[in-house]
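Each chain, letter by letter, is given below.
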Amino acid sequence: MANNSKIWKGNWTFILAAAGSAVGLGNIWKFPYMAGENGGGAFVIIYLACIVLIGFPVMMSEIFLGKYGRSSPVYTMKKFVSLKGISSYWVLLGWFGGLAGLMILSYYSVFAGISLAYIFSPIPADSMNPSQYSVDFFAQFQSSPMRMIFWHSLFLILTCIIVARGVVDGIGATIKVIMPTLFFLIILLSIYSSFTGEIEKAISFLFMPDFSKISSSVIISAMGQAFFTLSLGMGAIMAYGAYIPEEQNLTKTVSLIIFLDTFVAIIAGIIIFPIVFANPELTPTAGPSLFFETLPVAFYGIPFSFFASALFFILVSLAALSSSVSLIEPGTAWMEDRFKISRTYAVIILGSTAWLLGLGSLLSFNIIADFQIFSMSFLDFMDFLTNSIMLPLGGLFIALLVGWILEENFVKQEMKIKNEIYWKIWIYLTRYIAPILIGLVFIFALF
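Being a predicted model, the structure only gives us computed values, none of them experimental.

A. Structural view of the side chain of Ser-231. Note that Ser-231 resides in the loop between helix H10 (216–230) and helix H11 (236–241). Polar side-chain contacts of Ser-231 include one of 2.8 Å to the side chain of Ser-21.

B. Fine view of unusual backbone geometry. You will see that Arg-70, though not glycine, has its phi angle at about 50 degrees, which is positive. Topologically, Arg-70 is positioned in the loop between helix H3 (41–69) and helix H4 (73–84). At Ser-375, a position not held by glycine, the phi torsion is positive, near 65 degrees. Along the chain, Ser-375 turns up in the loop between helix H15 (343–363) and helix H16 (378–405). Overall, Ser-375 belongs to the exposed group, its relative accessible area being 64%.

C. Just the pattern of salt bridges, in detail. According to the stated counting rule, one finds seven salt bridges in the structure shown. Among the ionic pairs, Arg-431 bridges to Glu-408, the shortest N-O distance being 3.0 Å. Taken as a pair, Arg-431 in helix H18 (residues 420–446) and Glu-408 in helix H17 (residues 408–415) lie far apart in primary sequence, 23 residues in all. On the basis of relative accessible area, Arg-431 is assigned to the partly exposed category, the value being 21%. Glu-408 gets classed as partly exposed once you look at its relative accessible area, which sits at 33%. Ionic contacts of the salt-bridge type, sharing partners, join the residues Arg-70, Glu-246 and Lys-416 into one network.

D. Geometry of the environment of Thr-13. With respect to the helices, strands and loops of the structure, Thr-13 is situated in helix H1 (residues 11–22). Residues Thr-13 and Phe-183, 170 residues apart in the sequence, show an inter-C-alpha distance of 16 Å. Apart from the residues within four sequence positions on either side, Thr-13 is in contact with Trp-8, Gly-172, Ile-175 and Lys-176.

E. Structural detail: the packing of H3 against H4. With their axes 9 Å apart at the nearest point, H3 and H4 run at an angle of 75 degrees to one another. Taken as axis vectors, H3 and H4 run roughly perpendicular relative to one another. Across from Leu-65, Tyr-68 and Gly-69 in H3, the residues of H4 making contact are Thr-76, Lys-79, Phe-80, Leu-83 and Lys-84. Here the contact of H3 with H4 is composed, by residue class, of four nonpolar, two polar and two charged.

F. Representation of a nonpolar patch on the surface within the structure. A contiguous nonpolar surface patch, about 790 Å² in accessible area, is contributed by Trp-404, Ile-405, Tyr-428, Tyr-432, Ile-436, Leu-440, Ile-443 and Phe-444. If you tally residues by element for the nonpolar patch, the top one is H18, at six residues. Within the secondary structure, Trp-404 sits in helix H16. Using a relative accessible area of 44% as the deciding quantity, one classes Trp-404 as partly exposed.

The rules we used
Residues numbered from 1 in each chain as written. Predicted model: local features only at pLDDT ≥ 70, side-chain atom pairs only at ≥ 80, totals over all residues. Heavy atoms only, no water. Helix = DSSP H or I, 4+ residues; strand = E, 2+ residues; numbered from the N terminus. Polar contact = N/O pair within 3.5 Å; in protein donor to acceptor, adjacent residues only side chain to side chain. Buried < 20%, exposed > 50% of the residue type's maximum accessible area, 1.4 Å probe, protein only. Salt bridge = Lys/Arg side-chain N within 4 Å of Asp/Glu carboxyl O. Contact = heavy atoms within 4.5 Å. Axes fitted to C-alpha atoms, helices over the stretch in contact; angles between N-to-C directions. Parallel < 35°, antiparallel > 145°, perpendicular 65-115°, else oblique. Nonpolar A, V, L, I, M, F, W, Y, C, P; charged D, E, K, R; others polar. Patch = residues over 30% accessible without salt bridge, like charges linked within 9 Å, V, L, I, M, F, W, Y side chains within 5 Å. Areas by Shrake-Rupley, 256 points an atom, 1.4 Å probe, with all protein chains shown as cover.

Function cannot be inferred from these measures alone, as they are strictly geometric.
Put into structure tokens, the structure is as follows:
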């Protein structure tokens, strides 16, 4: 049975925690630049399709596994092996997700650290060309290894402090403050951006798809982003599912989490692209730098710009924290169970590992910029390996386990799905649609 001290207090706590895991830099930083690089509306349509046809059934399945197991992903899978007689190889699913999460945290913290630095780096009020200043500032920032290491380290320290405080007092208490405030400020900034930027061009770019832009690489990118932004296949949602209140309705919960996550991603595009199209120095295909080159320009010139810019990047950093704690939680829970050590020691070990691995991604901006793995920088390789391979593969096996390996009556009973029509739709998506689509994307990736 679950340890009651680790059960979220109230249904909304889990929703905010899971939404916090999902809503972060993946929505505000990564979604806009991924859309910019992959044809705008064409990418958005495929992304939304992946969310509905793959993300929804896989998230339901992953939360169900965690809720039943009431432990770390590794020990959850061991429980299924013991009680349901499935192959012991399924324990590897727990290991696989935890490893993916730690790898993602290693480079996620690099960009989250830059967000922390931007709290103190608004565009000067006397700047003659704010757009050019923003581009130049980011170029200078990423060329300084020691500066990036400092902020990368600080972000990971903050992450470890929150997780070390525990599931309820650390993670739960933190996201209850972060998420509502973040939603409010994102809406506020989108209104500002709509009135001051080229909103018509932005809307056209995001919602008028050019289907000639659709290619296998765009499809792979959209599915990878869907898994990344929903935190699927990395053990985070399974770990959080272990702390969900017993009476919580999974269908409504997952629907709300996905809505909040997708809403923030679309709003982030509406914030950024009007500013991009209003400034000739900025381009929607700028890649990862889009977020850091564009948002400072959005704040420049408005009343109390220093305060507004600092507050927004504080909240972006907090949103990143709400995601990063979910990336390190699966490994922390496992180390607590396996070695009977405190959460503090566990997060120090895992945080140090992520920090060391993150140096490779960090130095890809400068010292080892010419180093390549399969024609990709270290950072791009880590991003491709986790988002396009490991997360979809984890999601595929989660869907196969719940849809085919476990007994249907057992799954239906534990999920408490009473509506027969809804059950048939969900089990069809889980058994057929999600695995087939994931499999097709893997074929595209290989060939």
